[in-house]
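# Structural description and commentary
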Amino acid sequence: MSMPFNGERLKEARRFRQLSIPQLAEKVDISKQMISKYEHGDAQPSPKTYQKLVLALGFPLGFFQQGDEFSYDDLGTFYRSRLSSTQSEKKPSELLKKYLAVLANFFESYVDFPVLKELSHIEDPIASAELLRKEWDLGNSPIPNVLHLLEIHGFQLATINSNSEKVDAFGSQTKVNGKDYYCILIDQDNNSFYRQQFSLAHELGHWVLHSKSINPQELEPQEYREMENQANIFASNLLLPEEAFSNDIRGYEDDLDAYLKLKSKWKVSAASMVYRSKGLGLISSNQYLRLQKRMSSRGWRKSEPFDSVHSIPKPTIMKQAYELLVQANIIGNNTLAELLNRQYGIILPNDILAELLGISLDVLSDSNKGKIVQMKKN
């Protein structure tokens, strides 16, 4: 009697490992036509081939034997580099986004996460940034840590390896079992702290401006560029409020070193501050071009001075939730993978779970200090 086999799960695992059908076929020594039949449910692998698929893809056997026992809706993903990155580069990230939302849904059965409160929709990115600063009581001060700010306001975040040099971060409105989550995933390799600040503010802009009204995958290239520009304007206005920043740079607008000195205060790259000065009309287009050329001549395109001084913050909520369940002996005799299997019909590889939780495969921190989440009260 043949073992149960889910062809959609095979496709999901293959795409996550960034393998084409011919590449996987070569790894397991069968025809590409058979791989296609497996994925479409037109054939089932023999036990020997089954074992080869499990080994080649690094997913547990049980992953391929079940179907989702939960509802999942993806309302579109906002990629900062959608026009330059390929579909194959995005597929692994899509799987991680899906299971980040599932993990959030699972943990919420046990712990209290911050609630993501809706913001009044305003189409203008400048007015939207001002409204968010008011709603979140930010005043006109610098934002020292955008990642922490997002976590305490109810966003689900994870640092991942996107396996793409073209993806900095992306965000998406999702639903798991009817519950809304906004997931933002950050690439671990493409960010300095200052670049991450802007990337996260940019993704926040998509949540405020676009997530309820636009499916980014349905946009034409020019429409997508305009949407990205709006998110950039939002991020710039959020990170560098007009009056406070203008007062700091006034009189030194054409001095590149002045922007560098303000970097430690505003927690934003010099390039972003130059961009903001142009947007505010503090410098002309010609001055902007001259500053751009000076940055290029100093080699600041790839890395600015002081980029390495500030450590890059990592998401903490998922890790904290996991630790709380370990301490409560909810995760102990039963592993997280087993609990997810019972509740959602999924058995994920440890490398995926570790990546989404922000933990190593074998060592977890015991610290309970500064928790954002806490166990639910009866």
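Residues numbered from 1 in each chain as written. Predicted model: local features only at pLDDT ≥ 70, side-chain atom pairs only at ≥ 80, totals over all residues. Heavy atoms only, no water.

## A closer look at unusual backbone geometry
To keep it simple, the criterion reads: Secondary structure elements follow DSSP: runs of H or I of four or more residues count as helices, runs of E of two or more count as strands, with numbering from the N terminus.
In this structure, Lys 267 is a non-glycine residue whose phi angle is positive, near 55 degrees. Following the sequence through the fold, Lys 267 ends up in the loop between α11 (256-266) and α12 (270-279). The phi angle at Asn 329 is positive, at roughly 60 degrees, despite the residue not being glycine. Mapped onto the elements, Asn 329 comes out in the loop between α14 (317-327) and α15 (336-344).

## Overview of the nonpolar core
Soluble, globular proteins show a tendency: their nonpolar side chains are buried together. To be explicit about the condition: Buried residues of nine kinds, namely Ala, Val, Leu, Ile, Met, Phe, Trp, Tyr and Cys, make up a nonpolar core once their side-chain atoms join them within 4.5 Å. Residue burial is assigned from relative accessible area. The probe radius is 1.4 Å, only protein chains are included, and a residue is buried under 20% of its type maximum, exposed over 50%, and partly exposed in between.
By size, the foremost hydrophobic cluster in this structure holds 57 residues, and its most contacted members are Phe 64, Tyr 99, Leu 103, Phe 107 and Leu 336. The biggest single contributor to this core is helix α5 (residues 87-107), with 10 residues. In terms of nonpolar packing, the next biggest core, distinct from the first, is built from 50 residues, Leu 131, Val 146, Leu 239 and Leu 260 among them.

## Some remarks on the pattern of salt bridges
What counts, and what does not: Note on definitions: salt bridges are taken to be side-chain nitrogens of Lys or Arg within 4 Å of carboxyl oxygens of Asp or Glu.
A complete count under the given rule lists 16 salt bridges for this structure. Residue Asp 180 pairs with Lys 175 through a salt bridge whose shortest N-O separation is 2.8 Å. For Lys 175, a relative accessible area of 25% gives the class partly exposed. Several salt bridges converge on common partners, so that one network encompasses Arg 9, Glu 12, Asp 68 and Lys 98.

## A word on the environment of Lys 314
Short version of the rule: Residue contacts follow a heavy-atom distance rule, with two residues in contact if any of their heavy atoms lie within 4.5 Å.
Within the secondary structure, Lys 314 sits in the loop between α13 (285-297) and α14. The sequence separation of Lys 314 and Tyr 194 amounts to 120 residues, and the corresponding C-alpha distance is 13 Å. In this structure Lys 314 touches Leu 147 and Thr 159, once residues within four positions along its chain are discounted.

## Examining the pairing of strand β3 (residues 156-160)
This is how the line gets drawn: Only when DSSP finds a minimum of two bridges between them are two strands counted as paired.
Taken across its 5 residues, β3 has 5 buried, putting it largely inside the fold. The alternating pattern of β3 places Gln 156, Ala 158 and Ile 160 and Leu 157 and Thr 159 on opposite faces, both of which are buried. Two elements, β3 and strand β5 (residues 179-187), share 5 bridges in a ladder whose sense is parallel. In the sheet register, Ile 160 faces β5, and the bridge partner there is Asp 187.

## What to know about the confidence of the model for the protein chain
Where the model shows low pLDDT, its predicted coordinates should not be examined in detail. This is how the line gets drawn: As a per-residue measure, pLDDT reflects the predictor's confidence and takes values from 0 up to 100.
Mean pLDDT over the protein chain works out to 89, with 90% of the residues at or above the 70 mark. Taken together, the stretch residues 363-369 has pLDDT below 50 and engages in 8 contacts with residues farther than four places along the chain or on a different chain.

## Remarks on α11
The α-helix winds at 3.6 residues per turn, so residues separated by three or four positions along the chain end up facing the same way. Note the following rule: For this analysis, a polar contact is any N or O atom pair within 3.5 Å, provided that within protein one partner can donate a hydrogen and the other can accept it, and provided that sequence-adjacent residues contribute only side-chain to side-chain pairs.
Those residues of α11 not exposed but buried are Leu 256, Ala 258, Tyr 259, Leu 260, Leu 262, Lys 263 and Trp 266. Tucked into the core, α11 has its buried residues touching α8 (193-209), α9 (221-239), α10 (242-249), α12 and α13. Its side-chain oxygen placed 3.0 Å from the backbone nitrogen of Asp 257, Asp 255 serves as the N-cap of α11. Looking one or two residues beyond α11, the residue adopting positive phi is Lys 267, at roughly 55 degrees.

## Overview of a negative patch on the surface
Just so we agree on the cut-off: Patch membership needs two things, relative accessible area over 30% and no salt bridge, and members are linked within 9 Å if like-charged or within 5 Å if nonpolar (Val, Leu, Ile, Met, Phe, Trp, Tyr). Areas reported here follow the Shrake-Rupley algorithm with a probe of radius 1.4 Å; residue values treat only the protein chains shown as occluding. A residue counts as positive if it is Lys or Arg and as negative if it is Asp or Glu; His and the chain ends are not included. The atom standing in for a charge is NZ when the residue is Lys, CZ when it is Arg, CG when it is Asp and CD when it is Glu.
Together, Asp 124, Glu 130, Glu 242 and Glu 243 make up a region of like negative charge exposed at the surface. Within the fold, Glu 242 resides in helix α10.

## Regarding the packing of aromatic side chains
Note on aromatic pairs: each is described by the distance of the centres and the angle between the planes. Inclusion rule: Planes of paired rings set the category: under 30 degrees apart is stacked, over 60 is edge-to-face and the rest tilted, where pairs are Phe, Tyr or Trp rings (Trp by its six-membered ring) whose centres lie within 6.5 Å. Cation placement over rings: the criterion is NZ of Lys or CZ of Arg within 6 Å of the ring centroid and within 35° of the ring normal.
Following the criterion strictly, the structure yields 15 aromatic pairs and no others. Judged by centre distance (5.5 Å) and plane angle (90 degrees), the rings of Phe 63 and Phe 64 are edge-to-face. Members of the aromatic cluster, each reached through a chain of ring pairs, are Phe 5, Phe 16, Tyr 38, Tyr 50, Phe 59, Phe 63 and Phe 64. When the ring centre of Phe 63 is taken as origin, the NZ or CZ atom of Arg 9, which lies over that ring, is 4.8 Å away. In this structure, Lys 98 is placed above the aromatic ring of Tyr 72, and the distance from its NZ or CZ to the ring centre is 5.8 Å.

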